[in-house]
Amino acid sequence: MLRLSKLTDYATVILSYMARDRSRVHGALEIAEATGIAQPTVSKILKILLKAGVLSSMRGAKGGYALAREPSRITVATVISALEGPIALTECTASHKGCDQASGCRIQGNWHLINQKIANALESVTLADLIMPFKQPEEVSIPVNQLFR
């Protein structure tokens, strides 16, 4: 199963909160209270995102954190990479050194293709997309008698 860590999940919640009000800087305590994520965890994530260049920081009494660029220029892939490292579904998509079977593997190229498709999909979704209101797809109604023609 492909699964992201809780820290990555929390990072998307934190960034979504910050993106909704870009006009000011946000403190860790404020973000913790607004999101329900423990303050030490928020602080840890903010530091990771700052180091990755996703956030900028301001020191002082009115200091805090802000998005380093527009939400439309922060991809989900960037956030995942900041917290999880490079996007890699298998050992061979990250490095040939971690796999004992690399020398005789005939599907290695296919894993690279799959990995690239997933990375491209994650690159295509931005923070701006995440903060858009979710719109449930409309249901399509087809009369049963039309199914058997």
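Residues numbered from 1 in each chain as written. Predicted model: local features only at pLDDT ≥ 70, side-chain atom pairs only at ≥ 80, totals over all residues. Heavy atoms only, no water.

Below, the discussion takes up the layout of surface pockets. There is about 180 Å³ of room inside the largest pocket. Contributing to the lining of the largest pocket are L2, R3, L4, I80, E84, G85, P86, I87, A88, L89, I118 and L122. Secondary structure elements with two or more residues in the lining of the largest pocket: α4 (76-84) and α6 (108-123). Looking at the lining of the largest pocket, its residues break down into 9 nonpolar, 1 polar and 2 charged. (1 Å grid on protein atoms, 1.4 Å probe; cavity = no way out; pocket = protein on both sides within 12 Å on 5 of 7 lines; lining within 4 Å. Points joined across faces, edges and corners; volume = space filled by probe spheres on them. Helix = DSSP H or I, 4+ residues; strand = E, 2+ residues; numbered from the N terminus. Nonpolar A, V, L, I, M, F, W, Y, C, P; charged D, E, K, R; others polar.)

As enumerated under the stated definition, the model contains 3 salt bridges in all. Residue R24 is joined to D21 by a salt bridge in which the shortest nitrogen-to-oxygen separation is 2.9 Å. R24 sits in the partly exposed class, given a relative accessible area of 36%. Judged by its relative accessible area of 26%, D21 is partly exposed. (Salt bridge = Lys/Arg side-chain N within 4 Å of Asp/Glu carboxyl O. Buried < 20%, exposed > 50% of the residue type's maximum accessible area, 1.4 Å probe, protein only.)

Take the pairing of strand β2 (residues 64-67) next. Judged by which residues are buried, β2 turns out to be covered on both faces: G64 and A66 on one side and Y65 and L67 on the other are all buried. For strand β1 (residues 55-58) and β2, the ladder comprises 4 bridges, and the chain directions are antiparallel. From the neighbouring strand, S56 faces β2, where its bridge partner is A66. As consecutive antiparallel partners, β1 and β2 are separated by 5 residues, and within that stretch G60 has a phi angle of approximately 110°, a positive value. (Pairing = 2+ DSSP bridges.)

As a further point, take the environment of L127. Here L127 is to be found in helix α7 (residues 127-130). Residue classification places L127 among the buried residues on the basis of a relative accessible area of 4%. Put simply, L127 and A19 are 108 residues apart on the chain and 7.5 Å apart in space, counted from C-alpha to C-alpha. Ignoring sequence-local partners within four residues, the contact set of L127 consists of L15, S16, A19, L67, P71 and I74. (Contact = heavy atoms within 4.5 Å.)

With that out of the way, let us pick up empty space enclosed by the protein. Going through the model one piece at a time under the given rule, you end up with 1 cavity of 30 Å³ or more. Of the volumes computed, that of the largest cavity is approximately 40 Å³. Lining the largest cavity, in full, are T12, L15, I74, T75, V76, V79, T126, L127 and L130. Split by residue class, the lining of the largest cavity holds 6 nonpolar, 3 polar and no charged.

The next thing to look at is the packing of helix α1 (residues 6-20) against helix α2 (residues 28-35). In helix packing, the relevant descriptors are the interaxial angle and the interaxial distance, both defined with respect to the helix axes. α2 packs onto α1 with a crossing angle of 105° between their chain directions and a minimal axis gap of 10 Å. Put simply, α1 runs roughly perpendicular to α2. Each of V13, I14, Y17 and M18 in α1 lies in contact with α2, whose residues at this interface are E30, I31, A34 and T35. Residues of the contact of α1 with α2, tallied by class, amount to 6 nonpolar, 1 polar and 1 charged. (Axes fitted to C-alpha atoms, helices over the stretch in contact; angles between N-to-C directions. Parallel < 35°, antiparallel > 145°, perpendicular 65-115°, else oblique.)

With that out of the way, let us pick up α4. Those residues of α4 that fall on the buried side of the exposure criterion are V76, A77, V79, I80 and L83. Buried residues of α4 fall within an arc of 160° about the axis and therefore sit on the same side. Residue G85 follows α4 closely and has a positive phi angle near 95°. (Arc of directions from axis to C-beta.)

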